[in-house]
Amino acid sequence: MILVESILGNAADPAWASRLAGATVDTFALDHWEAQKNRLRKKTSGGLEIAISLDRGTFMQDGDVLLSDEAKRTAVVARLSLRAVMVIHLD
């Protein structure tokens, strides 16, 4: 198990996009409830077990880079699957 205590960056950032271009990216899939937690333990799509322990008030966003190993050209990136939201207008 690997402990992640901070988010390294986001894959949408041009600097990270270029670093991840040739890397093997493992996905850490989260639903909208899991993304709201700052303490979480779960496996990636590749089977790597990760424990998340972020500071209070820090939440994961889609594309957050959790782990990166430039020597091995591998990374773990969070992917969020959001559900549809029902909006009720009270006018």
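Residues numbered from 1 in each chain as written. Predicted model: local features only at pLDDT ≥ 70, side-chain atom pairs only at ≥ 80, totals over all residues. Heavy atoms only, no water.

Asks: Explanation requested: the side chain of Asn 38 in the structure shown.
Replies: Looking at the element boundaries, Asn 38 is found in the loop between strand S3 (24-31) and strand S4 (39-43). Beyond its immediate chain neighbours, meaning those up to four positions away, Asn 38 contacts Ile 52, Ser 53, Leu 54, Asp 55, Arg 56, Gly 57 and Thr 58. (Helix = DSSP H or I, 4+ residues; strand = E, 2+ residues; numbered from the N terminus. Contact = heavy atoms within 4.5 Å.)

Asks: Teacher, can you tell me more about the sheet that holds S3 here?
Replies: Adjacent strands of a sheet form backbone hydrogen bonds with each other and so pair up, either parallel or antiparallel. Strand order in the open sheet formed by four strands is S2-S6-S7-S3, and the pairing between neighbours is mixed. The strands lining the two open edges of the sheet, one partner per strand, are strand S2 (9-10) and S3. When S2 meets strand S6 (residues 64-69), the two strands line up antiparallel, connected through two bridges. When the sheet's bridge partners are listed, Gly 9 is paired in S6 with Val 65. (Pairing = 2+ DSSP bridges.)

Asks: Help me understand the nonpolar core, please; the structure alone is not making it clear to me.
Replies: Burial of nonpolar side chains together is a common tendency in soluble globular proteins. If you look at the biggest cluster of nonpolar residues, it comprises 13 residues, and the most contacted ones within it are Phe 28, Leu 30, Ile 52, Met 60 and Leu 66. The element that contributes the greatest number of residues to this core is strand S7 (residues 74-81), accounting for three residues. Setting aside its immediate chain neighbours within four residues, Leu 30 contacts Ala 35, Leu 40, Lys 42, Met 60, Ala 78, Arg 79, Leu 80 and Ser 81. Listed in part, the six residues of the second largest apolar core include Ala 11, Trp 16, Leu 20 and Val 65. (Core = buried A, V, L, I, M, F, W, Y, C linked by side-chain atoms within 4.5 Å. Buried < 20%, exposed > 50% of the residue type's maximum accessible area, 1.4 Å probe, protein only.)

Asks: Can you walk me through the pairing of strand S5 (residues 49-53) in this structure?
Replies: Successive side chains on a regular strand alternate, one facing one side of the sheet and the next facing the other. Looking at chain direction, strand S1 (residues 2-4) and S5 are connected through three bridges and run parallel. Bridge pairing links Ile 2 to Ile 50 in S5. Where S4 lies against S5, five bridges are found, and the strand directions are antiparallel. For Leu 40, the partnering residue across the bridge sits in S5 and is Ile 52. With antiparallel pairing between neighbouring strands as the criterion, S4 and S5 make up a hairpin whose turn holds five residues, including Gly 47 at a positive phi of roughly 95°.

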